[in-house]
Amino acid sequence: MTESAPNAVTGFAGLHQADEPLLLPNAWDHASAAALAAQGFRAVGTTSLAVAAAAGLPDGAAATREQTLLLALTLGSGPYWLSVDAEDGFSDDPDEVAAFASELHAVGAVGINLEDGLGPVDRHAAKIAAVRAAAPGLFVNARTDTYWATGPDTDGGNRREDTFRRLDAYQQAGAQGVFVPGLTDPHEIAALVRRLAVPLNILYSPTGPSVPQLAGLGVRRISLGSLLYRRALGAAVEAATDIREGRTPAGTAPAYAEIQALSRDSVRGVADPTASLGRPWYG
């Protein structure tokens, strides 16, 4: 959804201050984003895992800059606010990250997610400040991986204090929201909410607190991350193996016509070129 900077601030940012937390589903192509928007989701994110997997590349390795920009170009004009998972910005140079963020904003993104990968705090803060200066209309969600990564420096009290230290710096650099994936303990979440001056984003986990519980803790944004993509991939493999074994696949699947209706041409009112054939058109 392309809009001016003031509208982006009052629109997408405003969803973080609504009565209910922003539940942000993450899409991986036009059809998945359009289907989610059709169900009433006003904002959609992307997932770096799906972008990387589609290209046969590793996630989190700064290998999908062009693919990420292409997906933003594909989704940026959709009837929803778009937030892009940009890994670490695909560079250690704050100016290069800011230039990439400006490209995302130019094609319709109103939000960007930047992860620190547990790298130097000052470097990530510099990236955030550079993005805010270059693209003022872009909502910067600063992610720290203190609860996502594992290791001796991210255990126990050290992990909590490191999280506080990092998020304090990212807020001061201008981040409008902060993201702590992997954090599921209600007491830790509540303590972090009390400390923060900006909305807290938590990654939903089927084994963690529910959406109502997270709302009660003060969480303002709940991301689904790669969950929908992984479930879709799992369902596809399960359906194929069920058919091979002579079983009828479980679950639901949209009809061919429903998927066709999600195409840009259908949305714009362009006639379906197969309609005159008088029969279903199977892909």
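Treat the numbers as computed from the prediction; the structure is a model and nothing was measured.

Student: Give a detailed account of the environment of Arg244, specifying residues and quantitative values.
Tutor: By the secondary structure assignment, Arg244 is in helix H10 (residues 227-244). Note on Arg244: relative accessible area 66%, which makes it exposed. Separated by 3.4 Å, the side chains of Arg244 and Glu245 make a polar contact.

Student: Just give me the short version of helix H5 (residues 94-106), but keep the residues and values in it.
Tutor: Side chains three or four residues apart in an α-helix point the same way, a direct result of the helix having 3.6 residues per turn. Its 13 residues place the ends of H5 18 Å apart at the C-alpha level, agreeing with the 18 Å of an ideal helix rising 1.5 Å per residue. For H5, every residue scored as buried is listed here: Val97, Ala98, Phe100, Ala101 and Leu104. All buried residues of H5 project into a common sector of 160° when viewed along the axis, lining one side. In this structure, H5 carries Asp95 and Ala106 as exposed residues pointing more than 90 degrees from its buried face.

Student: So what about the nonpolar core? Which residues, and what values?
Tutor: Counting 49 residues, the largest nonpolar core has Leu104, Ile112, Val131, Tyr170, Leu192 and Leu200 as its most contacted members. Not counting chain neighbours up to four residues away, the residues in contact with Leu200 comprise Val178, Val180, Ile189, Leu192, Val193, Val219, Arg220 and Arg221. Counting 9 residues, the second largest nonpolar core, distinct from the first, contains Ala13, Ala43, Trp81 and Val110.

Student: Describe the pattern of salt bridges, listing the residues and the values that go with them.
Tutor: Under the definition given, this model contains 12 salt bridges. A salt bridge links Asp116 to Arg166; the nearest nitrogen and oxygen atoms lie 3.2 Å apart. Highlighted residues: Asp116 in the loop between strand S5 (111-115) and helix H6 (121-134) and Arg166 in helix H7 (residues 156-172), separated in sequence by 50 residues. Assigned by exposure class, Asp116 and Arg166 land together as buried. With a closest N to O distance of 2.6 Å, Arg165 and Asp162 form a salt bridge. A residue pair is termed a helical-turn pair when its members lie 3 or 4 positions apart in one helix, as Arg165 and Asp162 do in helix H7 at 3 residues. Overall, the relative accessible area of 11% leaves Asp162 in the buried class. In this structure, a network of salt bridges that share partners links the residues Asp116, Asp162, Arg165 and Arg166.

Student: Describe unusual backbone geometry, and please don't skip the residues or the numbers.
Tutor: Glycine aside, negative phi is the norm for most residues, and most peptide bonds take the trans geometry. Not every positive phi belongs to a glycine, and Ala62 is a case in point at roughly 55°. With respect to the helices and strands, the residue Ala62 is situated in the loop between helix H3 (48-55) and helix H4 (65-75). Despite not being glycine, Glu87 shows a phi value in the positive range, around 50°. Tracing the chain through its elements places Glu87 in the loop between strand S4 (81-85) and H5. The class of Glu87 is buried, set by a relative accessible area of 1%.

Student: Now, about the side chain of Ser48: what can you tell me, with residues and values included?
Tutor: Within the secondary structure, Ser48 is located in helix H3. Overall, the relative accessible area of 6% leaves Ser48 in the buried class. Side chain to side chain, Ser48 and Asp59 meet in a polar contact 2.7 Å long. Discounting residues that sit within four places of it in the chain, Ser48 has contacts with Asp59, Asp85 and Glu87.

Procedures and definitions
Residues numbered from 1 in each chain as written. Predicted model: local features only at pLDDT ≥ 70, side-chain atom pairs only at ≥ 80, totals over all residues. Heavy atoms only, no water. Helix = DSSP H or I, 4+ residues; strand = E, 2+ residues; numbered from the N terminus. Buried < 20%, exposed > 50% of the residue type's maximum accessible area, 1.4 Å probe, protein only. Polar contact = N/O pair within 3.5 Å; in protein donor to acceptor, adjacent residues only side chain to side chain. Expected span 1.5 Å × (residues − 1). Arc of directions from axis to C-beta. Core = buried A, V, L, I, M, F, W, Y, C linked by side-chain atoms within 4.5 Å. Contact = heavy atoms within 4.5 Å. Salt bridge = Lys/Arg side-chain N within 4 Å of Asp/Glu carboxyl O.

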